[in-house]
Amino acid sequence: VQLQASGGGLVQAGGSLRLSCAASGSGFAVGSMGWYRRSPGKERELVATITSIGSTNYADSVKGRFTISRDNAKNTVYLQMNSLKPEDTAVYYCHLEGRRWSKPIDSWGQGTLVTVSS
């Protein structure tokens with residue numbers, strides 16, 4: 001299963017961006033999807049996750065500013081990021097857990113860079 005992320009870029013503080021990540025392949029069923037990020041000099045951290053039935057979980061640092069959603073028909077997950085702060089600058093990775101040919105899978109996208117200027 002391949003994940004293709006898009007939507008990163010440069011934005012001023014207070015601005016918005018929307019990330020998208022589409023899963024492609026054959027014989028798979030998607031469970032939870034999510035977004036993680038890695039800032040320079042830091043470990044990768046969870047941003048938000050969403051289950052197949054739409055239950056969401058957010059890092060405290062993004063609650064109220066970011067919204068995760070998904071389109072199950074398109075196997076796509078989105079991250080709407082509002083009120084961006086310079087500390088949100090990071091490479092954002094999408095993640096998928098599911099099953100392919102009845103075996104569990106765990107896939108990562110290639111990452112998309114978000115830069116927030118002050």
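Residues numbered from 1 in each chain as written. Predicted model: local features only at pLDDT ≥ 70, side-chain atom pairs only at ≥ 80, totals over all residues. Heavy atoms only, no water.

Student: I'm lost on the nonpolar core in this one. Help?
Tutor: One broad trend across soluble globular proteins is that nonpolar side chains are buried collectively. The biggest cluster of nonpolar side chains holds 30 residues, and the ones touching the most others in it are W35, V47, F66, I68, L79, M81 and Y92. Among residues more than four places away in sequence, those in contact with L79 are L17, R18, L19, W35, V47, A48, F66, T67, I68 and Y92. (Core = buried A, V, L, I, M, F, W, Y, C linked by side-chain atoms within 4.5 Å. Buried < 20%, exposed > 50% of the residue type's maximum accessible area, 1.4 Å probe, protein only. Contact = heavy atoms within 4.5 Å.)

Student: Hey, could you run me through the sheet that holds strand 3 (residues 17-24) in this one?
Tutor: Backbone-to-backbone hydrogen bonds join strands into a sheet, with any given pair of strands oriented parallel or antiparallel. Taken in spatial order, the four strands line up as 1-3-8-7 in an open sheet, and their pairing is antiparallel. Here the strands that pair on one side only, and so sit at the sheet edges, are strand 1 (2-6) and strand 7 (66-71). Across this sheet, the average inter-strand angle for adjacent strands is 15°, counted without regard to direction. Where strand 7 lies against strand 8 (residues 76-81), six bridges are found, and the strand directions are antiparallel. Each bridged residue has a counterpart across the sheet, and for T67 the counterpart in strand 8 is Q80. (Pairing = 2+ DSSP bridges. Helix = DSSP H or I, 4+ residues; strand = E, 2+ residues; numbered from the N terminus. Axes fitted to C-alpha atoms, helices over the stretch in contact; angles between N-to-C directions.)

Student: How do you make sense of the environment of E87 when you look at a structure like this?
Tutor: Within the secondary structure, E87 sits in the loop between strand 8 and strand 9 (90-100). E87 sits 31 residues away from S118 along the chain, and the two C-alpha atoms are 9.6 Å apart. Here E87 is in contact with R37 and S39, once residues within four sequence places are set aside.

Student: Whenever I open this one, the environment of S55 confuses me. Can you help?
Tutor: Positionally, S55 belongs in the loop between strand 5 (45-50) and strand 6 (56-58). Between the C-alpha atom of S55 and that of S118, which follows or precedes it by 63 residues, the distance is 33 Å. Discounting chain neighbours no more than four positions away, the residues touching S55 are T49 and I50.

Student: Even after reading the chapter, I still don't get the pairing of strand 3, so can you show me in this structure?
Tutor: Regular strands have side chains that alternate between both faces of the sheet. Both strand 1 and strand 3 contribute to a ladder of five bridges, which runs antiparallel. When the sheet's bridge partners are listed, Q4 is paired in strand 3 with A22.

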